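# What the coordinates show
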Amino acid sequence: MATVRQKLARLTIAGAVFLAAPAVAFAQGEHARRAATELLVLAGDARRLAAEDTNDLHRKGLADRIRGGLAGLELMLRLADQEQGHQPRPHGEALAALREALTAGDLVRLQSLAADLVAAYPFRATGILPAIPTSKRLKLGRELHEELCAGCHDAPDLEVERPAYNLFDEAQQLSPGEFSARMSVGVRGDRVTGIDNPLSDEQIASLVAYYRSRTN
Ligand code: HEC
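Below, the structure is looked at part by part.

Rules behind the numbers
- Residues numbered from 1 in each chain as written.
- Predicted model: local features only at pLDDT ≥ 70, side-chain atom pairs only at ≥ 80, totals over all residues.
- Heavy atoms only, no water.
- Donors = N, O, S within 2.8 Å, 3.2 Å for Na, K, Ca; no water.
- Helix = DSSP H or I, 4+ residues; strand = E, 2+ residues; numbered from the N terminus.
- Phe/Tyr/Trp six-rings, centres within 6.5 Å; stacked < 30°, edge-to-face > 60°.
- Buried < 20%, exposed > 50% of the residue type's maximum accessible area, 1.4 Å probe, protein only.
- Salt bridge = Lys/Arg side-chain N within 4 Å of Asp/Glu carboxyl O.

Quick look at the coordination of the iron atom of the ligand now. Protein coordination of the iron atom of the ligand is limited to a single donor, H153 (NE2), which sits 2.0 Å from the metal. In this fold, H153 is placed in helix α6 (residues 135-153).

Pasting the structure below:
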């Protein structure tokens, strides 16, 4: 089976993508955005973990994801601080507290600690959350989805710890900011998919526009 990267290369060669993608100006540097994105997903995972209708299998997957996310966060936050010219803030304690809350199963505290960090590193979806779902974006989004994502996401296997959820449903259920953050993290660098940042912001924006434009 062709990897996502190979499929993407084919699409690119076919000239279906990368046509005059406009340059996007970012108010936020790459490190700050990455940190803010990871934090928003972490806060969302904490909320899912606490939700009554989340079953034990998915709880285990979510707890693993949160634990994995926390491992890289200290460095990520330090880089974000540096990039923004802040004195590095002491995050060790906050992250240790998050880890403790997770281990203790104190989900109220976990959510409140995550919310504090989200407030300290606000996520700006500029560039990924398109203000205007143009017909060009919707078309590109559909092509990318059908070629690269539908195989895993359209008929999710829920009997696994970390399912590949239906992205049309997620687009309806999640806040626009959290959905964009999940798209950014989900598409870039995920060990399960083996994808390592193959999509441009404009391509992610097109996918976001497409998912938000319709239900499956
Ligand atoms: C080989 C299967 C596979 C392919 C192809 C794939 N994904 Fe995924 N995706 C997954 C799995 C499995 C997860 C869950 C990972 C986890 O929980 O850690 C996931 C997670 C995600 C998430 C996070 C969802 C959430 O609720 O946090 C997003 C967003 C996402 N994928 C988008 C995409 C998009 C967009 C594409 C196409 C460009 C794509 N994926 C292609 C398997 C796949």
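A full pass over the atoms with the stated rule returns four aromatic pairs. When the centroid spacing of 5.9 Å and the interplanar angle of 45 degrees are considered together, the rings of Y210 and Y211 count as tilted. Per residue, the accessibility class of Y210 equals that of Y211, and both read buried. Through a chain of ring-to-ring contacts, the aromatic side chains of F168, F179, Y210 and Y211 assemble into a single cluster.

Below, the discussion takes up the pattern of salt bridges. Applying the stated criterion across every chain yields a total of 14 salt bridges. Measuring nitrogen to oxygen at the nearest pair gives 2.4 Å for the salt bridge that ties E170 to R48. Here E170 is found in helix α7 (residues 167-173), whereas its partner R48 is found in helix α2 (residues 30-50), with 122 residues between them in sequence. Residues E170 and R48 agree in their burial class; the two are buried.

Keep in mind that these numbers describe shape and distance, not what the molecule does.
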